[in-house]
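Structural features, examined
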Amino acid sequence: AQSVTQLGSHVSVSEGALVLLRCNYSSSVPPYLFWYVQYPNQGLQLLLKYTTGATLVKGINGFEAEFKKSETSFHLTKPSAHMSDAAEYFCAVSIIQGAQKLVFGQGTRLTINP
Amino acid sequence: KAGVTQTPRYLIKTRGQQVTLSCSPISGHRSVSWYQQTPGQGLQFLFEYFSETQRNKGNFPGRFSGRQFSNSRSEMNVSTLELGDSALYLCASTSGLAGGLEQFFGPGTRLTVL
């Protein structure tokens, strides 16, 4: 069975600082990995995803993530935080075959300090 | 292209009642998945429908059910509501034809059970 662990339910950074949100996964088969963002009173929006190929994945709004199989990690980074990045971020995993089922981590609430 | 729509956006019910939530996927998408989001349990997969058939199901009691129509619109029903059913219910759609697809989420229906 797949599972996802996000380290840190709350992360606070200053505007302009590096953003690092941690995600570790467990999967018995090669996974597909996703990062989604949720703004207040909205649904989830895809930031980026890893399927196969290049392990460094670039997404929207300047975010990127690196798939490290040896560490079973898929951490999300952004070099310089903006106030508009304040939101909740979810890491998710799905298996390659079968139905469209996502297993989510518990989420990390990102706060940006001016 | 219109996004995923969910109706109603907000709903207040009392214990013991039943409720039906609706989801219209993106045009051309045949897979609809439902998720429950609560502060305590996070995002949990309820079930997925593809071409009017339930293809996968999460670990929820039988009070939670769903269906999909020939136009891919989906409904989920919760019978005999309990206080713990208060949550944001999200639906997501994909074409459902391959693994690792982005799931496009609707804004959710916030259900409050009194």
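For the structure itself, look to the data block above.
What counts, and at which threshold
- Residues numbered from 1 in each chain as written.
- Chains lettered and ligands numbered in written order.
- Predicted model: local features only at pLDDT ≥ 70, side-chain atom pairs only at ≥ 80, totals over all residues.
- Heavy atoms only, no water.
- Pairing = 2+ DSSP bridges.
- Helix = DSSP H or I, 4+ residues; strand = E, 2+ residues; numbered from the N terminus.
- Axes fitted to C-alpha atoms, helices over the stretch in contact; angles between N-to-C directions.
- Polar contact = N/O pair within 3.5 Å; in protein donor to acceptor, adjacent residues only side chain to side chain.
- Buried < 20%, exposed > 50% of the residue type's maximum accessible area, 1.4 Å probe, protein only.
- Contact = heavy atoms within 4.5 Å.
- Disulfide = S-S within 2.5 Å.

1. Concerning the sheet that holds strand β8 (residues 74–78) of chain B
Residues and elements named next belong to chain B.
- Taken in spatial order, the four strands line up as β1-β3-β8-β7 in an open sheet, and their pairing is antiparallel. In this open sheet, the two edge strands, each paired with only one partner strand, are β1 (5–7) and β7 (64–68). In this sheet, adjacent strand axes meet at a mean angle of 20° when their direction is disregarded.
- Sheet topology note: the β1/strand β3 (residues 19–24) ladder contains three bridges and is antiparallel. Bridge pairing in β3 places T7 opposite S22.

2. Looking at the side chain of E48(B)
- Along the polypeptide, E48(B) turns up in strand β5 (residues 42–50).
- A distance of 2.7 Å separates a polar atom in the side chain of E48(B) from a polar atom in the side chain of R55(B).

3. As for the sheet that holds strand β1 (residues 3–7) of chain A
All names here are of chain A.
- Pairing within the open sheet is antiparallel, and its five strands lie in the order β1-β3-β8-β7-β6. Unpaired on one side and paired on the other, β1 and β6 (56–58) mark the two borders of the sheet. Neighbour-to-neighbour, the strand axes of the sheet open up by a mean angle of 20°, direction not taken into account.
- The sheet contact formed by strand β3 (residues 19–26) and strand β8 (residues 73–78) spans four bridges and is antiparallel. The residue of β8 that forms the bridge with L21 is L76.

4. Notes on the environment of I12(B)
Residues and elements named next belong to chain B.
- Note that I12 resides in strand β2 (residues 10–13).
- Classification of I12 as exposed rests on a relative accessible area of 61%.
- In sequence terms I12 and S72 are 60 residues apart; their C-alpha atoms lie 26 Å from each other.
- Setting aside its immediate chain neighbours within four residues, I12 contacts T112 and L114.

5. Digging into the state of the cysteines
- Throughout the structure, instances matching the rule amount to two disulfides over all chains.
- Disulfide pairing places C23(A) opposite C91(A) at an S-S distance of 1.9 Å. For the disulfide bridge between C23(A) and C91(A), the dihedral angle about the S-S bond is near -65°, and by the sign convention the bridge is left-handed. With C23(A) in strand β3 and C91(A) in strand β9 (residues 87–95), this residue pair connects regions lying 68 residues apart in the sequence.
- Note that C23(B) is cross-linked by a disulfide to C91(B), the S-S spacing being 1.9 Å. Residues C23(B) and C91(B) share a disulfide whose torsion about the S-S bond is about 70°; that sign makes it right-handed. Of the two residues, C23(B) sits in strand β3 while C91(B) sits in strand β9 (residues 87–94), which places them 68 residues apart along the sequence.

Geometric values such as these leave the question of function open.
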